[in-house]
Structures are given as structure tokens and as C-alpha cells.
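Secondary and tertiary structure notes
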Amino acid sequence: GPKVLQIPSHQIIDMGQMVTLNCDPVSNHLYFYWYKQILGQQMEFLVNFYNGKVMEKSKLFKDQFSVERPDGSYFTLKIQPTALEDSAVYFCASSLDRNTEVFFGKGTRLTVV
Amino acid sequence: GDSVTQTEGLVTLTEGLPVMLNCTYQSTYSPFLFWYVQHLNEAPKLLLKSFTDNKRPEHQGFHATLHKSSSSFHLQKSSAQLSDSALYYCALSGLNSGGSNYKLTFGKGTLLTVTP
């Protein structure tokens, strides 16, 4: 079936540095999402993105976070600067429409040291 | 705000026995409910979604019934298989999202292990 690809699967970064998480969504999908899962906790909504714009973001989406999808390429989540509490698994997801099935990637485990 | 509770973090069953994973929710409006399944080293994948007309969704032998009176959407299967071993997430999408995928609220997940 359709796949959302997240590269890399694990990334280690020094606190204060910038990190970009890459997501290759399903090719014809128009809606894109990021979710954050801290170890032992539930997946929590961060942001959704459509037509080049953020539609909605949660309180977890701090000012240090940004998303973009330049020229229909990767959908990215950038954190600048990173903090220790940003350590988590970040799941990217996409859907064709706002009411159709959401497809998730396997997640990128971000470790901030 | 919206919330989803999955009371069991870990469920271990013998193959062939029935499965029931609990899910209750709180939402200001009448939400859509979902079950997602995540097998080891795989992405979470949609298993079931509640219907607006109270039909019972079924997929791969699993079913769930939305009970608005008890705010529940328990996942059931009559006979567990070894391949059902996975992490199961209950989630909701509130009406303030237009029932859309804009913002899914997840439970913590239940790890189901089926043994021979």
C-alpha cells in the first residue's frame, strides 16, 4: 500500500544545534502532519499543513519548530535550536483529503544530548 | 479538551482466545473514533474507523462498536492469531475538526502479545 518514508530512522544531535527531520509523503497526498511521541507516552499532534500553509498547530509546536514543503519535495520539520525535551519519536503522516485515511511513517527517533 | 484512555498497557493472550482492548474517550462533541495498529518496526496503520450511521466497522476479523452512552469504542476479535501481536492505538477526531483528520488525539496504546 501507500507508504510514507522517514529518513533517517534515528538521529542524535547536540543540544542547541539545528535538526531537520525529513518526510517523503505519499505522492498524491495534499495534507501533511507531524506527531510527537515521548517514550512511554501517547502520540501527540504537533501540526498539520496544507497548500503551503500551517492549518493548525498545538501548544507542543514551539516557536523553535517550523515546517515546510518546498517545491513539492520532502515535508520537513525543523527544530532550531534543539532542547533536551525535544527527544522523542516524530511521526510524519499524510492524507489525500481531510477526511480520507491518514498514512503514517515509521517515525524518526530524535535524541538530543 | 479531547482525551482517549486505554486502560491496559499490556495484554497477553493465548492463540484462539477472544480479544478485547478497551478504549474510552472524552470529547466536547461527537467524535469519530479510530483504531490504529503498529506491528514491530512498521508504521502505525489504520485498522478501523467508526461510522456516522452506527454501523459496526470490521476489518481483518476485528470489529468495534461506538457506544456514545458509555463513550467507548472497544476493539474485539473472536479468536486471536499470532500475527495479531502488535501495538494498538485508539484515537479520536473531534467535531471541532469537522470530523476530519486535522487533529487526531491518541491513547497511550495497548501492546497485544499472542502466544502459541
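Just above sits the structure.
Residues numbered from 1 in each chain as written. Chains lettered and ligands numbered in written order. Predicted model: local features only at pLDDT ≥ 70, side-chain atom pairs only at ≥ 80, totals over all residues. Heavy atoms only, no water.

**Description of the state of the cysteines**
Keep this limit in mind: Our working definition of a disulfide is a cysteine sulfur pair at a distance within 2.5 Å. Going along the chain from the N terminus, every DSSP run of H or I of four or more residues is numbered as a helix, and every run of E of two or more is numbered as a strand. Note on exposure labels: buried denotes an accessible area under 20% of the residue type's maximum, exposed denotes more than 50%, and partly exposed covers the range between, all computed with a 1.4 Å probe on protein chains only.
Scanning the entire structure with this criterion turns up 2 disulfides over all chains. A sulfur-sulfur separation of 1.9 Å characterises the disulfide bridge that pairs C23 of chain A with C92 of chain A. Across the S-S bond of C23 of chain A and C92 of chain A the torsion is about -70°, and the bridge reads as left-handed. Taken together, the positions of C23 of chain A in strand 3 (residues 19-24) and C92 of chain A in strand 9 (residues 88-95) put the pair 69 residues apart, joining distant regions of the chain. Accessibility classification places C23 of chain A together with C92 of chain A in one group, the buried group. Put simply, C23 of chain B and C90 of chain B are joined by a disulfide, and their sulfur atoms are 1.9 Å apart. Looking along the S-S bond of the C23 of chain B-C90 of chain B disulfide, the torsion reads about -65°, which is the left-handed sense. Residue C23 of chain B is located in the loop between strand 3 (19-21) and strand 4 (24-26), and its partner C90 of chain B is located in strand 10 (residues 86-93); the two are separated by 67 residues in the primary sequence. Of the two residues examined, C23 of chain B and C90 of chain B, each falls in the buried class.

**With respect to the sheet that holds strand 9 (residues 75-77) of chain B**
Residues and elements named next belong to chain B. What counts here: Whether two strands pair comes down to DSSP finding at least two bridges between them.
Strand order in this open sheet of 4 strands is 3-9-8-7, and the pairing throughout is antiparallel. The sheet is open, and its two borders are formed by strand 3 and strand 7 (58-59), each paired with just one other strand. Pairing of strand 8 (residues 62-64) with strand 9, which is carried by 3 bridges, proceeds in the antiparallel orientation. Each residue of the ladder has a partner; that of F62, found in strand 9, is K77.

**Brief notes about the pattern of salt bridges**
Let me state the cut-off plainly: We count a salt bridge whenever a side-chain nitrogen from Lys or Arg sits within 4 Å of a carboxyl oxygen from Asp or Glu.
Here the structure, examined in full by the defined rule, presents 2 salt bridges over all chains. For D86 of chain A, the salt bridge goes to K62 of chain A, with nearest N and O atoms at 2.9 Å. Taken as a pair, D86 of chain A in the loop between strand 8 (75-79) and strand 9 and K62 of chain A in the loop between strand 6 (53-57) and strand 7 (65-68) lie far apart in primary sequence, 24 residues in all. According to the relative accessible area criterion, D86 of chain A is buried, its value standing at 0%. Ionic pairing is found between D84 of chain B and K77 of chain B, a salt bridge with its closest N-O pair at 2.8 Å. Using a relative accessible area of 6% as the deciding quantity, one classes D84 of chain B as buried. With relative accessibility at 7%, the residue K77 of chain B sits in the buried group.

**Topic: the layout of surface pockets**
Applicable threshold: Grid points spaced at 1 Å and placed over the protein atoms alone form the basis of the search, with a cavity being a set where a 1.4 Å probe fits but cannot get out and a pocket an open set showing protein on both sides within 12 Å along at least five of seven lines. Lining residues have an atom within 4 Å of a point. Grid points are joined across faces, edges and corners, and a volume is the space filled by probe spheres set on the points. Charged residues are taken to be Asp, Glu, Lys and Arg, nonpolar residues to be Ala, Val, Leu, Ile, Met, Phe, Trp, Tyr, Cys and Pro, and polar residues to be all remaining types, Gly included.
The space that makes up the largest pocket amounts to roughly 1100 Å³. Together, 39 residues line the largest pocket, and Q38, H39, E42, A43 and P44 of chain B are the ones closest to its centre. The set of elements that each furnish at least two residues to the lining of the largest pocket consists of strand 1 (5-7), strand 9, strand 10 (103-104) and strand 11 (108-112) of chain A together with strand 5 (32-38), strand 6 (45-49) and strand 10 of chain B. Counting residues per element, the lining of the largest pocket draws most heavily on strand 6 of chain B, at 3 residues. Looking at the lining of the largest pocket residue by residue, the class counts come to 18 nonpolar, 15 polar and 6 charged.

**Observations regarding the nonpolar core**
The condition is simple: Nonpolar cores were defined as sets of buried Ala, Val, Leu, Ile, Met, Phe, Trp, Tyr and Cys residues, with membership established by side-chain atoms within 4.5 Å.
Residues L33, W35, L47, L75 and Y88 of chain B are the most contacted members of the largest nonpolar core, which totals 24 residues. Per-element tally for this core: the top contributor is strand 10 of chain B, with 4 residues. Counting 23 residues, the second largest nonpolar core, distinct from the first, contains C23, F32, L110 and V112 of chain A.

**Overview of the packing of aromatic side chains**
Centre distance and the angle of the planes are the two values used to describe a pair of aromatic rings. Rules: Note on aromatic contacts: the rings of Phe and Tyr and the six-membered ring of Trp form a pair at centre separations within 6.5 Å, being stacked when their planes are under 30 degrees apart, edge-to-face when over 60 apart, and tilted otherwise. Any Lys NZ or Arg CZ that is within 6 Å of a ring centre and within 35 degrees of that ring's normal is treated as a charge sitting over the ring.
Overall, the coordinates contain 14 aromatic pairs over all chains when judged by the stated rule. On the numbers, 6.3 Å between centres and 35° between planes, the contact of F34 of chain B with Y36 of chain B is tilted. Y36 of chain B matches F34 of chain B in its accessibility class, with the two residues each being buried. Aromatic pair F62 of chain B and Y88 of chain B: ring centres 5.7 Å apart, planes at 45°, arrangement tilted. Linking F62 of chain B in strand 8 with Y88 of chain B in strand 10, this pair joins segments that are 26 residues apart in sequence. Side by side, F62 of chain B and Y88 of chain B carry an identical accessibility label, which is buried. Connected via pairs of aromatic rings, a cluster forms that spans Y35, F45 and F104 of chain A together with F34, Y36, Y89 and F106 of chain B. The aromatic ring of F32 of chain B is capped on one face by K49 of chain B, whose charged end is 4.7 Å from the ring centroid.

Don't take any of this as a statement about function, it's just geometry.
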